[in-house]
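# Survey of secondary and tertiary structure
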Amino acid sequence: METLLLPFSPRFIVLTICAVVTALLIAIGIADRKIFDILLVPILIFAALTLLGVRDLLQKSHAVLRNYPISAHIRFLLEEIRPEMRQYFFESEKDGMPFSRDTRAVVYQRAKMELDKRPFGTQEDVYREGYEWMHHSVSPKAHAREKFRVAIGGPDCAKPYSASVFNISAMSFGALSPNAVRALNAGAKKGGFAHDTGEGGVSPYHREMGGDIIWEIGSGYFGCRHRDGTFDPEAFARVAGEDQIKMVELKISQGAKPGHGGVLPAAKVSEEISKIRGVAMGEDCISPASHRAFSTPVGMMQFIAEMRRLSGGKPAGFKLCIGHPWEFLAICKAMMETGIYPDFIVIDGNEGGTGAAPLEFMDHLGMPMREGVNFVHNALVGINARDRIKIGASGKIATAFDMARAMAIGADWCNSARGFMFSLGCIQSLSCHTDRCPTGVATQDPTRARALYVPLKIDRVQNYHHATLHSLTELIAAAGLEHPQQLRPIHFSQRTSTTQVQSFAQLYPALRPGELLEGTEDPRFRDGWRMARSETFQPAL
Ligand SMILES: Cc1cc2nc3c(=O)[nH]c(=O)nc-3n(C[C@H](O)[C@H](O)[C@H](O)COP(=O)(O)O)c2cc1C
Ligand code: SF4
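Residues numbered from 1 in each chain as written. Chains lettered and ligands numbered in written order. Predicted model: local features only at pLDDT ≥ 70, side-chain atom pairs only at ≥ 80, totals over all residues. Heavy atoms only, no water.

As annotated in an unreviewed UniProt entry, the protein chain carries the name FMN-binding glutamate synthase family protein and comes from Bradyrhizobium zhanjiangense.

The following block contains the structure:
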């Protein structure tokens, strides 16, 4: 009896109705041939739904469809449009992940040169735990007239680069569309700042626009590799020597997926990508998790020296998200032992973005940006190398306050990836990994990429940079300072409980110059320093 009633249970009733209506309509149409033509469309619709229901019932990959034929598609549809529904109807100004509506809005407004002020007062709960603020001065300074810049290049660098304190973080052509690369690079040129290529190589779209480039190479050595995927020094020298390339950067890891590597499937290796990256068509394009050009801290420093030499003396550095503390300290020991110091180090936080990464990697692997920047800053102070190495920071830096805070705890400059994506029109639809980007930013589909109108977006990229630096200028002046390099931890506070406030100076204690060399008792460094060895990344236990 139960089995007989099954078609009338709520689970299957939609399919039953469709089947019955189809049969009824066909019967009526046959009985009265004059109205068959009128009934044809409804018959086709209900017949198609019935077929869909039967297919749902028989398929094996979706349990919910087997139990709820036809009706479960509504659930899938709602799931699909959930992020948009949340964004449009339910998100408050401070909600929205990874970036709040408020942060996105301020980037859009600055990019469009619209009014970026807010009325009536802060919407922040200034008494919540974790709330942070910057200290102002009773005697603010006049606004700096020059745009803030930082000189990158230590004593071994023949061609130092004067970089803006705000630059476009590494994102590859491949992850980004040709139009996005064009607009970013031309925006960087107009605004006098730098554009990092990401590990996907220097594309014709970078070259077409002529903006300053930081050329990043990852473990795939794209654009400078032999046929077998190993590093090709001659190919590297050819590209690195180009005028447009201002600095060369070795990618060790990125915060969203440190230690993961990547694969671009053969099907996506177009002729264009194969040419730019120097990889074979029809084969998977692999970025291994680790480098083949070196395997020890000393080897890594020698490779940095080689990159600097091959580029004709341009600043050479590396980018990483901090993992095991002793590994970075081993790199410090290798610097001292070889006498080879990178010109810069970019610290990416685990809050950083990516085109696609496993959830566990994004959520729980790697040190967040602030701890990472402060750790590296202190380590370099501790070995007396801070003066010759500049530190860049990336990880959800989109506003002037984000920049000031990162610079107070050790960064010399900041990079933004997703901030600049917003300036291009990214709406945080979170579908970069599907190649169905609705705004033409993160896609290789030309019919979607055309949505990004390059001449307009060039100005938006430049405007966003300009307005953010203007806001930084105002913050610095309000704090009674002249340059963000004067920012220190004492300029910031954090509410650590409803009744307690701590200065960043307490939260991010400083090492004394040379303290690691003297033997530190600081628990953040003591054990790591002891375990670190320049000849291997393995700890001495
Ligand atoms: C679409 C996309 C592609 C990226 N590609 C690279 C890359 O090729 N190399 C790299 O070092 N980082 C890459 N990143 C990481 C960014 O450079 C940056 O470090 C990270 O997103 C943090 O900055 P953000 O919070 O401003 O986005 C990528 C990020 C995004 C969003
Ligand atoms: S609009 Fe969506 S898919 Fe496109 S870049 Fe932004 S988050 Fe990625």
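Picking up after the structure, the text goes on.
### A closer look at the site of ligand 1
Basically, it comes down to this: In these notes, residues near a molecule or strand are those with any non-hydrogen atom within 4 Å of it. Pairing of N or O atoms within 3.5 Å defines a polar contact, subject to two protein rules: one partner must be a possible hydrogen donor and the other a possible acceptor, and residues neighboring in sequence count only if both atoms are side-chain atoms. Accessible surface area values rest on a Shrake-Rupley calculation with a 1.4 Å probe, where residue burial reflects the displayed protein chains alone. Asp, Glu, Lys and Arg are counted as charged, while Ala, Val, Leu, Ile, Met, Phe, Trp, Tyr, Cys and Pro are counted as nonpolar; the rest, among them Gly, fall into the polar class.
As a structural note, the neighbourhood of ligand 1 is formed by 22 residues, with Ala 170, Glu 216, Gly 353, Lys 396 and Arg 418 the closest of them. One of the side-chain N or O atoms of Ser 394 is found 3.3 Å from an oxygen atom in ligand 1. Contact distances for ligand 1 include 2.6 Å between an oxygen atom and a backbone N or O atom of Lys 396. Expressed as a share of its isolated accessible area of 610 Å², the protein-covered part of ligand 1 is 97%. Residues of the shell around ligand 1, tallied by class, amount to four nonpolar, eleven polar and seven charged.

### A short note on empty space enclosed by the protein
Note the threshold: Points on a 1 Å grid over protein atoms alone make up a cavity when a 1.4 Å probe fits among them but cannot get out, and a pocket when they form an open set with protein on both sides within 12 Å along at least five of seven lines; lining residues each have an atom within 4 Å of a point. Grid points are joined across faces, edges and corners, and a volume is the space filled by probe spheres set on the points.
Counted under the stated rule, the structure contains one cavity of 30 Å³ or more. By volume, the largest cavity is sized at about 40 Å³. Lining the largest cavity, in full, are Pro 83, Glu 84, Gln 87, Tyr 88, Ile 427, Gln 428 and Ser 429. Considering only residue class, the lining of the largest cavity consists of three nonpolar, three polar and one charged.

### What to know about the side chain of Lys 319
Under the convention used in this document: Where helices and strands are cited, they refer to DSSP runs of H or I of at least four residues and of E of at least two residues respectively, numbered from the N terminus. Here's how the labels work: a residue is buried when its accessible area is under 20% of the maximum for its type, exposed when over 50%, partly exposed in between, all with a 1.4 Å probe on protein chains only. For the purpose of charge, His is not counted, nor are the chain termini; Lys and Arg are scored as positive and Asp and Glu as negative. A pairing counts as a salt bridge when a side-chain nitrogen of Lys or Arg comes within 4 Å of a carboxyl oxygen of Asp or Glu. In this analysis, two residues are considered to be in contact whenever any of their non-hydrogen atoms come within 4.5 Å of each other.
You can see Lys 319 is positioned in strand 10 (residues 316-320). The charged side chain of Lys 319 is buried without a salt bridge, its nearest counter-charge being Asp 348 at 4.1 Å. Residues contacting Lys 319, with those up to four places away along its chain left out, are Ser 169, Ala 170, Glu 216, Glu 249, Leu 250, Lys 251, Ile 252, Ser 253, Gln 254, Val 346 and Asp 348.

### Side note on a nonpolar patch on the surface
Rules: Patch membership requires more than 30% relative accessible area and the absence of a salt bridge. Residues of like charge join within 9 Å; the nonpolar side chains Val, Leu, Ile, Met, Phe, Trp and Tyr join within 5 Å.
A surface patch of nonpolar side chains, about 560 Å² in accessible area, is lined by Met 85, Tyr 88, Phe 89, Phe 90 and Ile 427. You can see Met 85 is positioned in helix 5 (residues 72-90).

### Digging into the packing of helix 15 (residues 400-408) against helix 18 (residues 454-478)
Operational definition: Note on definitions: angles span 0 to 180 degrees between N-to-C directions of axes, and those axes are lines fitted to C-alpha atoms, for helices only across the stretch in contact. Here roughly perpendicular refers to angles of 65 to 115 degrees, roughly parallel to angles under 35, roughly antiparallel to angles over 145, and oblique to all remaining angles. Here a crossing is called left-handed whenever its near helix is offset anticlockwise from the far helix by less than a right angle, and right-handed whenever the offset is clockwise.
One way to put it is that helix 15 packs onto helix 18 with a least axis distance of 8 Å and a crossing angle of 60°. When the interaxial angle is binned, helix 15 and helix 18 end up oblique. As for the relative orientation of helix 15 and helix 18, their crossing is right-handed in sense. Between helix 15 and helix 18, the residues in contact are Ala 400, Phe 401, Met 403 and Ala 404 and Thr 468, Leu 469, Ser 471, Leu 472 and Leu 475, respectively. Considering only residue class, the contact of helix 15 with helix 18 consists of seven nonpolar, two polar and no charged.

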